[in-house]
Amino acid sequence: MSRNSEATRDQSNMLEKGLRILQAFRSGDQCLRLTDVAERTGMPKSTVHRLTQILVEQQLLTLSEQGYELGIALFELSSLVPVKQRLRVAALPFLQDLFMATHETVHLGIREGFDVVYVEKIYGHSDLGLPSRVGGRLPLNCTGIGKALLAFSSEEVRADFLARPLRRITRKSVTDPVRLARELAEARATGLAFEREEATLGRECVAAPVIVHGEIMAAMSISVPISAYRMPQLAAAVKTSALGLARHLRVAGAAVESPDEFRVAGHLLSDRDADPDHRRHD
């Protein structure tokens, strides 16, 4: 093997290991010790220490007394991702209106694989202990947004998800595939998905899908303490906001070069499946 080939292979290995270190934060932990990173990546501490120094120099990580955190350079890069950024910009006015109407925590999320990834979050007055964060991910079955995304995804996606072991965040997380399938069917029928203390004990949320041209693009949710849970009012508010964003994206889509630029997850559905009340709203 030539020296150039060996150098290329070494660089590729280093890049792969660096990515594994960054992906160690996917669990939602904001701060990891060197030992934590080594355990999650399966790499020796000496290797992790050497590579984290490089990542800190490039501002992809920061080092504090508590451990390593994701760096500002990643935040700057993430803001340039076209789909998420365009969706976030389009959704912000609707999320702000929803927050002003409720003063509770509101979210916007998309599906990536078997997780919900949070594109935007506006913190409510009672936001305590919620595991969600912008750029973070949580299991689809443990969140209202995740259930809304899953409910309106293809039958193949749902079947694949339900065939896997369902992850748990709290003791109330739904891990029974039969029960989850029933909840997803109800969500498709009503256009609303619910989470009851499945991500954080003491909090519940209601979510609605954002459907554009019959395809699930994202979902919105409101998360509230159980004591503040007013289902009819909250459900109406989040559904109205989700429908408003969907209409906005339909109009904006005419100016987009390719429909795939807004495509995130899901499949083609009939208008009736996407929004059971579409005749009253359109």
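Just so we're clear, the structure is a prediction, and the values are computed from it rather than from any experiment.

Asks: A description of the pairing of strand β8 (residues 215-225) should follow, citing residues and the corresponding values.
Replies: One face of the sheet, then the other: side chains in a regular strand alternate in exactly this way. In terms of burial, β8 is a largely internal element, eleven of the eleven residues being buried. Of the pairings in the sheet, the one linking strand β7 (residues 203-212) to β8 comprises ten bridges and is antiparallel in character. Bridge pairing in β8 links Ala208 to Met220. Count of turn residues in the β7/β8 antiparallel hairpin: two residues, of which His213 carries a positive phi of about 50°.

Asks: Quick one: what's the story with the packing of helix α7 (residues 155-162) against helix α8 (residues 177-190), residue by residue and with numbers?
Replies: Each packed pair of helices is defined by two parameters, the angle between the axes and the distance between the axes. Axis separation between α7 and α8 bottoms out at 10 Å; the angle between their running directions is 155°. Classified by the interaxial angle, the pair formed by α7 and α8 is roughly antiparallel. For the crossing formed where α7 meets α8, the hand is right-handed. Between α7, through Arg158, Phe161 and Leu162, and α8, the contact on the second element is made entirely by Pro177, Leu180, Ala181, Leu184 and Arg188. In terms of residue class, the contact of α7 with α8 is made up of six nonpolar, no polar and two charged.

Asks: Lay out the packing of aromatic side chains with the relevant residues and their values.
Replies: Under the defined criterion, the tally for this structure stands at one aromatic pair. Measuring from ring centre to ring centre gives 5.7 Å for Phe114 and Phe161, while their planes differ by 45°; the resulting arrangement is tilted. Taken as a pair, Phe114 in the loop between β3 (105-112) and β4 (115-122) and Phe161 in helix α7 lie far apart in primary sequence, 47 residues in all. Residue classification places Phe114 among the partly exposed residues on the basis of a relative accessible area of 22%. Here Phe161 falls in the buried class, since its relative accessible area comes to 4%.

Reading the values: the criteria
- Residues numbered from 1 in each chain as written.
- Predicted model: local features only at pLDDT ≥ 70, side-chain atom pairs only at ≥ 80, totals over all residues.
- Heavy atoms only, no water.
- Buried < 20%, exposed > 50% of the residue type's maximum accessible area, 1.4 Å probe, protein only.
- Helix = DSSP H or I, 4+ residues; strand = E, 2+ residues; numbered from the N terminus.
- Pairing = 2+ DSSP bridges.
- Axes fitted to C-alpha atoms, helices over the stretch in contact; angles between N-to-C directions.
- Parallel < 35°, antiparallel > 145°, perpendicular 65-115°, else oblique.
- Left-handed = near helix turned anticlockwise from the far one by under 90°.
- Contact = heavy atoms within 4.5 Å.
- Nonpolar A, V, L, I, M, F, W, Y, C, P; charged D, E, K, R; others polar.
- Phe/Tyr/Trp six-rings, centres within 6.5 Å; stacked < 30°, edge-to-face > 60°.

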